[in-house]
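Letter by letter, the chains look like this.
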Amino acid sequence: MVYVGPAVILGVLWTCPPSHPSPTYGIKGYKTDNVNSRALIGQKKCFSRPRAVNVDLQTDATLQVDISDALSERDKVKFTVHTKSSLPNFKLNEFSVVRQHEEFIWLHDSFVENEEYAGYIIPPAPPRPDFDASREKLQKLGEGEGSMTKEEFTKMKQELEAEYLAIFKKTVAMHEVFLCRVAAHPVLRKDLNFHVFLEYNQDLSVRGKNKKEKLEDFFKNVVKSADGVLVAGVKDVDDFFEHEKTFLLEYHNRVKDASAKSDRMIRSHKNAADDINRIASSLYTLGTQDTTELCKFFLKVSELFEKTRKVESRVAADEDLKLSDLLKYYLRESQAAKDLLYRRSRSLVDYENANKALDKARSKNRDVLQAETSQQICCHKFEKISESAKQELIDFKTRRVAAFRKNLVELAELELKHAKGNLQLLQSCLGFMKTNT
Amino acid sequence: MADTDREDEELFTEPSGTQSQPASLSTEDVSANTNGPNQDALFDDDPEDLFAEATEEVSLDSPERDILLSDGPSPAITPITPPTSVIAPRIGHTHDDMFTHSSFDEIEEEEVDDSFDINISVSDPEKVGDGMNAYMAYKVTTKTSMSLFKQREFSVKRRFSDFLGLHSKLASKYLHVGYIVPPAPEKSIVGMTKVKVGKEDQSSNEFVEKRRSALERYLMRTVKHHILLKDPDVLQFLESSELPRAVSTQALSSAGLLRMVNKAADAVNKMTIKMNESDAWFEEKQQHFESLDVQLRKLHISVESLVCHRKELSVNTAQFAKSAAMLGNSEDHTALSRALSQLAEVEEKMDQLHQDQANADFYLFSELLGDYVRLLAAVKGVFDHRIKTWQKWQDSQILLQKKREAEAKLQFTNKSDKLQQAKDEIKDEIEEMEGRVQQDERDFEQISRTIRKEVGRFEKERVKDFKTSIIKYLESLVLTQQQLIKYWEAFLPEAKAIS
């Protein structure tokens, strides 16, 4: 029996008449509004979404995207993507569609494969919603129901449900962040596929990759990484890019390590909080059964531990949000930046090869025109990529610094808040106990 | 001063004693021979005289002395009747039999007058010897103002088997009459082997510290018991610099094997004895202790798990700190880089904090629970002894009945020649049995009384113990949170300074 997770909200499906987006995009400058898109259609508030990663979005009224609802089903999650836009190419000013994870991936991949976007950092795809661990735990709980008391069972069930909900919120947030990043990017927001994604209210019929395609992907990746190594060896003339390359390589590895270690640390923290929960229950039983004056004592301590354990759980959850998620996100972003540098290096190598070919053609005086055109193309491509890449990387740094700042400050503030809360609980309990002995 | 001291100090009774003691043991003779001439020296406050005593102590290993202090190889062999005669001379001249009701009350009054002021610490573990014969010697320091002791502050060196020896002696003397004797810390072959082999690493240090703390708690619990405190074995343990080696505590000695056999026999007996409980109090208490045992075990497991996870957390935090530092190094934005390094420092401090908290979790909470689980086993043992005593009484009653039946049968035989002799024999036997039955009944009542008092004392101790320990534990938690606040408050401006 697979435990079906709590359905957070039933999505409201908007049935817009099918529209065909016209390819005329308005090119408008955008204001710097710093509005975090958070519109809710007037139904009951689904949940307060933790803003996992603030990417300092500069959205404006012309295009605001968010995920207003989400529905968790047996093995998939249905996101309701809500758009508010004043752009002329959309039929309505406000509309929603239901999308699944695979469709997000399809969108991301279409960006990656698009040559036009070679010079941009493609916002990293959101990770697949993974409820397996949580579902397993719920199932185990169901099986072990007979071996624990009713109170224990309800308590553990509540906890696991809370955990499930937390994971759920996180995955919604990550999908949302992806869309917001795309919407905030001056070029990507105009992408046709993106508009189709936002507006087309039928199923995009995007199937997940079958085995053959996955194998192709695998080979592509192998080739790419081998190529990447070759290309990375090419020393760049431009100091800026040379520096960025070394920096990103090292940074990416260290973020990966930090992210893994932070996950382990937080997991230990959660385990300790769980133990305190069990201790509180045991103390409660002791308190109700004891015949001496210890019974009052035990009950008070049990109460205290119940409260402190909730605080500890929240500390672990906040650390997860502000630290772990931050690191994970920048792991993916730094990979995307690395990919950009790779594409640029690739185009540089192509350019240099075209130059050599041109020289050869000139010396042999054969196919010169062809070689010239091809060289022109390569040159143009390279310069285009270089130019946009430079800006992208600078933006990346700004975004990164801002995100870290925000999250570290919030982390410290939350740690302080919880520690002070804990302290107060402990001190009041101690005070009570010392006066009553 | 000398006279009053002498009255209290059983070990060194005045040779010219006027008391009439049971003939079996001649303590006075022993003391006269060895201690008489030097008694004045003993009451000197000169600490050097500790060693002056030592020479006396060594000579106290005369055979008579041995009987006094150690009751043979195995505590579990038979309920020993010698205690009545062994202990009596020690408590004081005025008491003939410690176990008469009146003397018992007098002892308690004594206890109330003599305020309990004794503090024992176990410290300075030192490795003595090498290889497999090596052992840890611990310094046992006693600080007291009680007149029971010759000095206010003194210390001796003891090894683990000495503690076990002390416990086995006390158990053999007191457990079967209903006193809850605190159990000694458990042996650990693995732990000790590591120490012997000479591994100077974290885990063997932890093991030694665990053991040291356990030994300290054990001694404090023992002396808190007003009867045990006055026991000469305990006094000798605390005071004399040389102690005969307790070989019978070794697991694989003949004594050890005998113990194991007896334990098994006891277990079988327990299952077959069905007692008619006339006193509901005992049944109620037994049930109470049983459920307490179950609950404490459960709690203990949870606390041990907490200790484990907190240690894990500490390790993982340290690793994350290193990782964050590396990340800070590779970050090329200066302010962010600095902030990340600061974060790494905070996490490092947290690692130490978690480590300290895990230790507090262990020593203040987990070990308390472990001690009480073991104590409850001793309590159960005492209740079981009561049942055995009852069984003994029942058995002698049955035997008496049989003898009476045999006597009655004799009345109806016709053999006249042996009749009178047989009748006389039977009459004597019956008389003896009647005496035995009475004694057994008295024993049973005595042990029941003792257990009632002991349970009262135990519960009082338990309440005090738990309250003190848990309050200390909560204080440790408070300290941790205060430190946390300090660290994060120091970090916050650094994080805000990122621009």
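Residues numbered from 1 in each chain as written. Chains lettered and ligands numbered in written order. Predicted model: local features only at pLDDT ≥ 70, side-chain atom pairs only at ≥ 80, totals over all residues. Heavy atoms only, no water.

- Looking at an unreviewed UniProt entry, one finds chain A named Sorting nexin, with Gouania willdenowi as its source organism.
- Here chain A is described in UniProt, under the heading Sequence similarities (unreviewed entry), as follows: "Belongs to the sorting nexin family."
- The record in UniProt for chain A states the following under Function (unreviewed entry): "Involved in several stages of intracellular trafficking." (UniProt positions renumbered as here; feature names shortened; annotations may be inferred.)

### Concerning the overall build of chain A
No. 1: In terms of regular secondary structure, chain A is built from eight helices and three strands.
No. 2: The N-to-C order of helical and strand elements in chain A reads β-β-β-α-α-α-α-α-α-α-α.
No. 3: Counting contacts in chain A only where the partners sit at least 6 residues apart, residues at least 24 apart contribute 76% of the total.
No. 4: Summing over all exposed atoms, chain A offers an accessible surface of approximately 21,700 Å²; the carbon and sulfur share of this is 56%. (Helix = DSSP H or I, 4+ residues; strand = E, 2+ residues; numbered from the N terminus. Contact = heavy atoms within 4.5 Å. Areas by Shrake-Rupley, 256 points an atom, 1.4 Å probe, with all protein chains shown as cover.)

### Digging into the sheet that holds strand 3 (residues 153-159) of chain B
All names here are of chain B.
No. 1: A sheet is described by the order of its strands in space; here three strands give the open sequence 1-2-3, paired in antiparallel fashion. At either end of the open sheet lies a strand with only one pairing partner, and these are strand 1 (118-128) and strand 3. Adjacent strand axes in the sheet meet at a mean angle of 20 degrees when their direction is disregarded.
No. 2: In the sheet, strand 2 (residues 135-144) pairs with strand 3 via seven bridges, with the strands oriented antiparallel. Among the inter-strand pairings, Lys 143 is bridged to a residue of strand 3, identified as Glu 153. (Pairing = 2+ DSSP bridges. Axes fitted to C-alpha atoms, helices over the stretch in contact; angles between N-to-C directions.)

### Describing the sheet that holds strand 1 (residues 63-72) of chain A
Consider a sheet: its strands pair through backbone hydrogen bonds, and that pairing is either parallel or antiparallel.
All names here are of chain A.
No. 1: One open sheet accounts for three strands, arranged 1-2-3; its pairing is antiparallel. Two strands close off the open sheet at either side, each with one partner strand: strand 1 and strand 3 (94-100). Neighbour to neighbour, the strand axes of the sheet diverge by 25 degrees on average, direction disregarded.
No. 2: Pairing geometry for strand 2 (residues 77-85) and strand 3, over seven bridges, is antiparallel. Following the sheet pairing, Thr 80 is matched in strand 3 by Val 98.
No. 3: Sheet strands in contact with helix 1 (residues 101-113) are strand 1, strand 2 and strand 3, and its direction is about 100 degrees off that of strand 3.
No. 4: Its contacts with the sheet put helix 4 (residues 192-199) on strand 1, strand 2 and strand 3, and the angle it makes with strand 3 is roughly 95 degrees.

### A short note on the packing of helix 8 (residues 160-174) of chain B against helix 10 (residues 202-224) of chain B
Residues and elements named next belong to chain B.
No. 1: In the contact formed by helix 8 and helix 10, the axes pass within 12 Å of each other and the chain directions differ by 30 degrees. Taken as axis vectors, helix 8 and helix 10 run roughly parallel relative to one another. You can see that helix 8 and helix 10 cross each other, and the crossing is left-handed. Together, Phe 160, Phe 163, Leu 166, His 167 and Leu 170 of helix 8 and Arg 211, Leu 215, Tyr 218, Leu 219 and Thr 222 of helix 10 make up the contact between the two elements.
No. 2: Residue classes in the contact of helix 8 with helix 10 are distributed as seven nonpolar, two polar and one charged. (Parallel < 35°, antiparallel > 145°, perpendicular 65-115°, else oblique. Left-handed = near helix turned anticlockwise from the far one by under 90°. Nonpolar A, V, L, I, M, F, W, Y, C, P; charged D, E, K, R; others polar.)

### Section: a nonpolar patch on the surface
Residues and elements named next belong to chain A.
No. 1: Residues Leu 215, Phe 218, Phe 219 and Val 222 make up a contiguous nonpolar surface patch of roughly 410 Å² in combined accessible area.
No. 2: On the secondary structure map, Phe 218 appears in helix 5 (residues 211-232).
No. 3: The exposure class assigned to Phe 218 is exposed, which follows from its relative accessible area of 52%. (Patch = residues over 30% accessible without salt bridge, like charges linked within 9 Å, V, L, I, M, F, W, Y side chains within 5 Å. Salt bridge = Lys/Arg side-chain N within 4 Å of Asp/Glu carboxyl O. Buried < 20%, exposed > 50% of the residue type's maximum accessible area, 1.4 Å probe, protein only.)

### Digging into the packing of aromatic side chains
All names here are of chain A.
No. 1: Counted according to the given criterion, the structure contains 30 aromatic pairs over all chains.
No. 2: Each ring, one from Phe 104 and one from Phe 197, has its centre 5.1 Å from the other, and the planes form 75 degrees; the classification is edge-to-face. With Phe 104 in helix 1 and Phe 197 in helix 4, this residue pair connects regions lying 93 residues apart in the sequence. As far as the burial class goes, Phe 104 and Phe 197 line up, both buried. (Phe/Tyr/Trp six-rings, centres within 6.5 Å; stacked < 30°, edge-to-face > 60°.)

### Observations regarding the pattern of salt bridges
No. 1: Enumeration over the complete set of coordinates arrives at 51 salt bridges over all chains.
No. 2: With its nearest N and O atoms 3.8 Å apart, the salt bridge here joins A:Lys157 to A:Glu161. Of the two residues, A:Lys157 and A:Glu161 are both situated in helix 3 (residues 150-184); the distance of four residues between them amounts to about one turn of the helix.
No. 3: A residue is classified by how much of its surface remains accessible, and A:Glu161, at 25% relative accessible area, is partly exposed.
No. 4: Several salt bridges share partner residues, and in doing so they unite B:Arg217, B:Arg221, B:Glu367, B:Asp371, B:Arg374 and B:Asp465 into one network.

### Here we look at the interface of chain B and chain A
No. 1: On the side of chain A, 64 residues touch chain B, which itself brings 55 residues to the contact.
No. 2: Of the roughly 5,500 Å² buried where chain B meets chain A, counting both sides, 71% is carbon and sulfur surface.
No. 3: Our enumeration of links across chain B and chain A arrives at eight salt bridges.
No. 4: Note that A:Lys420 and B:Glu489 form a salt bridge whose closest N and O atoms lie 3.6 Å from each other.
No. 5: For the pair chain B and chain A, the interface holds 19 residue pairs in polar contact (both at pLDDT 80 or more).
No. 6: Considering only residue class, the side of chain B that touches chain A consists of 28 nonpolar, 16 polar and eleven charged. (Buried area = accessible area lost by both parts, 1.4 Å probe. Polar contact = N/O pair within 3.5 Å; in protein donor to acceptor, adjacent residues only side chain to side chain.)

### A short note on the nonpolar core
No. 1: Formed by 154 residues in total, the largest nonpolar core has its most connected members in A:Phe305, A:Leu408, B:Leu474 and B:Trp488.
No. 2: No other element matches helix 15 (residues 334-411) of chain B, which puts 27 residues into this core.
No. 3: If you look at the next biggest cluster of nonpolar residues, it comprises 34 residues, including A:Ala70, A:Tyr117, A:Phe153 and A:Leu188. (Core = buried A, V, L, I, M, F, W, Y, C linked by side-chain atoms within 4.5 Å.)

### Here's the deal with the pairing of strand 1 of chain B
Residue and element names in this part refer to chain B.
No. 1: Here strand 1 pairs with strand 2 via nine bridges, running antiparallel. Looking across to strand 2, one finds that Ser 121 is bridged to Thr 141.
No. 2: If you look at the hairpin formed by strand 1 and strand 2, you'll find six residues sitting between the two strands, and Gly 129 has a positive phi there, around 85 degrees.

### Describing the confidence of the model for chain A
All names here are of chain A.
No. 1: Looking at chain A, the pLDDT average stands at 80 and 83% of residues meet or exceed 70.
No. 2: Model confidence for chain A, summarised as mean pLDDT per element, is weakest for helix 5 at 75 and strongest for helix 8 (residues 368-435) at 92.
No. 3: Contacts of residues 1-56 to residues separated by more than four positions or lying in other chains number 124 contacts, the stretch itself having pLDDT below 50. (pLDDT = per-residue confidence, 0-100.)

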